[in-house]
Amino acid sequence: MKLVEEKNPDTQRVLAIINEGLSKRAVITIMASCRVYYNGRAVSRLELGDRIIMIKSDGSFIIHQDRNLEPVNWQPPKTKVAADIHQGMVKIKGVRRNPHETLEVEILNTHLASYFIGEDLESLELAGYEADMGDLIFKDPEVIEKGFRPTSREYHTPQGFIDILGKDKQGNITILELKSRKAGINAVKQLRRYVDCFTDHKEEVRGVLVAPSITDDARELLEEQNMEFKALEPPRELGKDKVVTLESFFGRSSS
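Cut-off values and rules
Every chain begins its residue count from 1, and numbering advances along the sequence as written. A pLDDT threshold of at least 70 governs which residues receive local features in this predicted model, and a stricter bar of 80 or more applies before side-chain atom pairs are shown or counted, although totals over entire chains, interfaces and linings include all residues. Side-chain measures here rest on the full set of heavy atoms in the structure, leaving out hydrogens and waters. The rule for pairing is simple: two strands pair if DSSP sees at least two bridges between them. Under the scheme used here, helices are H or I runs from DSSP no shorter than 4 residues and strands are E runs no shorter than 2 residues, and both carry numbers assigned from the N terminus. To obtain each axis, a line is fitted to C-alpha atoms, and for helices this fit is confined to the stretch in contact; angles are then taken between N-to-C directions over 0 to 180 degrees. Roughly parallel here means an angle under 35 degrees, roughly antiparallel means over 145, roughly perpendicular means 65 to 115, and every remaining angle is called oblique. By definition, residues are in contact when any of their heavy atoms lie within 4.5 Å. In plain words, nonpolar cores are sets of buried Ala, Val, Leu, Ile, Met, Phe, Trp, Tyr and Cys residues tied together by side-chain atoms within 4.5 Å. Throughout, exposure labels follow a simple rule: accessible area from a 1.4 Å probe, protein chains only, divided by the maximum for the residue type, with under 20% read as buried, over 50% as exposed, and the rest as partly exposed. When a carboxyl oxygen of Asp or Glu is within 4 Å of a side-chain nitrogen of Lys or Arg, the pair counts as a salt bridge. Patch construction takes residues with relative accessible area above 30% that form no salt bridge. Like charges are linked within 9 Å, and nonpolar side chains (Val, Leu, Ile, Met, Phe, Trp, Tyr) are linked within 5 Å. Using a 1.4 Å probe, accessible areas were evaluated by the Shrake-Rupley method; residue-level cover was limited to the displayed protein chains. Positive charge is attributed to Lys and Arg, negative charge to Asp and Glu, and no charge count is given to His or to the chain ends. Charge positions come from single atoms, namely NZ of Lys, CZ of Arg, CG of Asp or CD of Glu.

Caption draft 1: A look at the sheet that holds strand S12 (residues 205-211). Here we have five strands laid out as an open sheet, ordered S9-S10-S11-S12-S13, and mixed in their pairing. Only two strands of the sheet have a single partner each, and these edge strands are strand S9 (149-157) and strand S13 (228-231). In this sheet, neighbouring strand axes are inclined to one another by 30 degrees on average, regardless of whether the strands run parallel or antiparallel. Direction of pairing for strand S10 (residues 160-167) relative to strand S11 (residues 173-178): antiparallel, over a ladder of four bridges. Its bridge partner lying in S11, Lys167 is registered against Ile173.

Caption draft 2: Expanded view of the packing of helix H3 (residues 185-196) against helix H4 (residues 216-224). The N-to-C vectors of H3 and H4 enclose an angle of 25 degrees; their axes lie 8 Å apart at closest approach. Taken together, the axes of H3 and H4 lie roughly parallel to each other. Here Ile185, Val188, Lys189 and Leu191 of H3 come into contact with H4, specifically with Asp217, Ala218, Leu221 and Leu222.

Caption draft 3: Broad picture of the nonpolar core. Core analysis: the biggest nonpolar cluster contains 26 residues, and Ile30, Ile53, Phe61, Ile92, Val105 and Ile107 have the highest contact counts within it. Going through the elements one at a time, helix H1 (11-23), strand S2 (27-39), strand S3 (43-55), strand S4 (61-64), strand S6 (80-86), strand S7 (89-96) and strand S8 (101-117) are the ones with two or more residues in this core. Core analysis: the next-biggest nonpolar cluster, separate from the first, contains 18 residues, Ala187, Val188, Tyr194 and Ile214 among them.

Caption draft 4: Here's a closer look at the pairing of S2. Sheet analysis places S2 next to S8, joined by 13 bridges and oriented antiparallel. Looking at the pairing, Asn39 lines up with Thr102 of S8. Here eleven bridges tie S2 to S3, and the two strands are oriented antiparallel to one another. Each residue of the ladder has a partner; that of Asn39, found in S3, is Val43. Hairpin connection from S2 to S3: three residues lie between these consecutive antiparallel strands.

Caption draft 5: Main features of the pattern of salt bridges. This structure, assessed with the given rule, holds 13 salt bridges. Note that Arg45 is salt-bridged to Glu47, the shortest N-O span being 3.1 Å. With a relative accessible area of 63%, Arg45 lands in the exposed category. Among the ionic pairs, Lys179 bridges to Glu177, the shortest N-O distance being 3.3 Å. Of the two residues, Lys179 and Glu177, neither departs from the other in class, the shared state being buried.

Caption draft 6: A negative patch on the surface, seen in detail. Side chains of Asp216, Asp217, Glu220, Glu223 and Glu224 sit close together on the surface and give a patch of like negative charge. Relative to the helices and strands, Asp217 resides in helix H4. With relative accessibility at 44%, the residue Asp217 sits in the partly exposed group.

Caption draft 7: Focus on the side chain of Thr29. With respect to the helices and strands, Thr29 occurs in strand S2. The contacts of Thr29, once residues within four sequence positions are left out, are Ile52, Ile53, Met54, Leu112, Ala113 and Ser114.

Caption draft 8: Up close: a nonpolar patch on the surface. A contiguous nonpolar surface patch, about 390 Å² in accessible area, is contributed by Met1, Leu3 and Phe116. With respect to the helices and strands, Met1 occurs in the segment before strand S1 (2-7). Classification of Met1 as exposed rests on a relative accessible area of 89%.

Here it is in C-alpha cells:
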C-alpha cells in the first residue's frame, strides 16, 4: 500500500502527482476548483466550482459535485487519460475511442491531490435478487406449493423471458414471475403477457407472482385477472460456495 497526498499543491506539483499516479496505475483523487467540458454523444459545460475528480487504475474518469449519488460527468474504464499545463492551469483530458468522446477538466485551484496504490483482489458477493429466488425454488420447489415442479428457467416467449416455467401437482402449466422487492402493477401486467402466450394450450395455465409483498392495487388486478400471489423472501445468505460478481450478475437477462 502506498499513499501520496498533498494539501494546496501548486500547479507543477499537481501535474507531477497526476502523472506519477497514472504511470503507477494508482487511484488518483483531486479536490479542486475546476471547469468541466464534455464532447461526444452530446455537448456539456460545467462552469467553475469545487469538485472531486477521480481517475481509477482501470481508466475510469469521474467528476463528482458535492450533491447527488451519481457523478456529474464520467468516462468508463479504458479511457485514455493524460494531463498537462495549459495557460497556467492543469488540464486533464480523457478520450474514449468508441464512441468517440472527450472529457476535459481545467483546474484553477487545487485543495488536495493524492494517489493511492492498494490491493483488492476480491469479488463482490450478491444475494437477495431474483436469481437467488430462482435458485431456491429449483432447490426446494415446495416453497411455492406442494407438488410444484419447475421445468425451465428464463423460458423464451415473444413477450420476453419467463423467470420459471413449471407444472403444478395437477399437471397445469404454471408461470412464475419473480420480484425481489414489493411487486406492483407493472409486474402483474408482465405476468399477464406471459400467460397470454399460452392461450392456445388445452391445459389450464396459472400465473403466479412471487415476491416478498405486493401493493394493494396490484393484488386487486391479480384477482381480476384470475392470477395468484405467493409471498416469498429472497434468500440473503452469502457463502463461499457462491460468489457472484457484478459483471456476471448484470450480464444476466433482466426480469
